[in-house]
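Each chain is listed here by its residues.
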Amino acid sequence: QVQLVESGGGLVQAGGSLRLSCAGSGNIFAINVMAWYRQAPGKQRELVATITSGSSTSYADSVKGRFTISRDNAKNTMYLQMNSLKPEDTGVYYCNADVLTYSFRGYVEYWGQGTQVTVSS
């Protein structure tokens, strides 16, 4: 089994910072692309940032220049450094990863349970 567990969410004032973590555990042989998504109340889940196993990154236009995605392949962990937070960044942030397990049956997509980020104005 594979688990992705997010941490680091919380309540912060506008202009503040938070650092999210996503730790993978279980029967993991390798992780390909990892990503952060978020979902605001009443809205669809949206892609925030992605990072490949080679650490190539991409960002949604709304977070470019403010958020930084990174990963530690040895620890199967991904991070999201969020600076200059705005109220519109409020939502549940989800970790997503394409995982190859030791069963070697191809990459399978996994999701974390989400962590709440609330930015007050």
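Structure: above.
All of the points below concern the structure found in this document. (Residues numbered from 1 in each chain as written. Predicted model: local features only at pLDDT ≥ 70, side-chain atom pairs only at ≥ 80, totals over all residues. Heavy atoms only, no water.)

Let's talk about the side chain of R71
Point 1. Along the chain, R71 turns up in strand 7 (residues 67-72).
Point 2. Nearest to the buried, unbridged R71 among oppositely charged side chains is D72, at 8.2 Å.
Point 3. Look past the residues within four positions of R71 in its chain and what remains in contact with it is I31, N32, V33, M34, I51, T52, S53, S55, T77, M78 and Y79. (Helix = DSSP H or I, 4+ residues; strand = E, 2+ residues; numbered from the N terminus. Buried < 20%, exposed > 50% of the residue type's maximum accessible area, 1.4 Å probe, protein only. Lys, Arg positive; Asp, Glu negative; His and termini not counted. Salt bridge = Lys/Arg side-chain N within 4 Å of Asp/Glu carboxyl O. Contact = heavy atoms within 4.5 Å.)

Remarks on the pattern of salt bridges
Point 1. Within this structure, the stated rule accounts for four salt bridges.
Point 2. Between D89 and R38 there is a salt bridge, and its shortest N-O distance comes to 2.9 Å. A residue pair is termed long-range when its members are at least 10 positions apart, and D89 in the loop between strand 8 (77-82) and strand 9 (91-101) and R38 in strand 4 (residues 28-39) qualify at 51 residues.
Point 3. In this structure, D89 engages R66 in a salt bridge whose closest nitrogen and oxygen atoms are separated by 2.8 Å. Placement of the pair is D89 in the loop between strand 8 and strand 9 and R66 in the loop between strand 6 (57-59) and strand 7, with a sequence separation of 23 residues.
Point 4. Linked by salt bridges that have partners in common, R38, E46, R66 and D89 make up one network.

Description of the nonpolar core
Point 1. Core analysis: the largest hydrophobic core is formed by 27 residues, its most contacted members being W36, V48, F67, M78, L80, M82 and Y93.
Point 2. Where this core is concerned, the elements lending two or more residues are strand 1 (2-7), strand 3 (18-26), strand 4, strand 5 (46-51), strand 7, strand 8, strand 9 and strand 11 (115-120).
Point 3. Leave out the neighbours within four places in its chain, and M82 touches G16, S17, L18, L20, R66, F67, Y93 and V117. (Core = buried A, V, L, I, M, F, W, Y, C linked by side-chain atoms within 4.5 Å.)

Concerning the state of the cysteines
Point 1. Per the counting criterion, the structure on display carries one disulfide.
Point 2. Linked covalently through their sulfurs, C22 and C95 form a disulfide whose S-S length is 1.9 Å. Taking the torsion about the sulfur-sulfur bond, which here is approximately -60°, the covalent link between C22 and C95 counts as left-handed. With C22 in strand 3 and C95 in strand 9, the pair connects residues that are 73 residues apart, well separated along the chain.
Point 3. Under the relative-accessibility criterion, C22 is labelled buried at 0%. (Disulfide = S-S within 2.5 Å.)

Brief notes about the packing of aromatic side chains
Point 1. Tallying each qualifying case throughout the model produces four aromatic pairs.
Point 2. Centre to centre, the rings of F29 and F104 are 4.8 Å apart; their planes meet at 65°, and the pair counts as edge-to-face. Here F104 lies in the loop between strand 9 and strand 10 (108-111) and F29 lies in strand 4, a separation of 75 residues in the sequence.
Point 3. By relative accessible area, F29 is classed as partly exposed at 45%.
Point 4. Note that R45 overlies the ring of Y94, its terminal NZ or CZ placed 3.7 Å from the centroid. (Phe/Tyr/Trp six-rings, centres within 6.5 Å; stacked < 30°, edge-to-face > 60°. Lys NZ or Arg CZ within 6 Å of the ring centre and 35° of its normal.)

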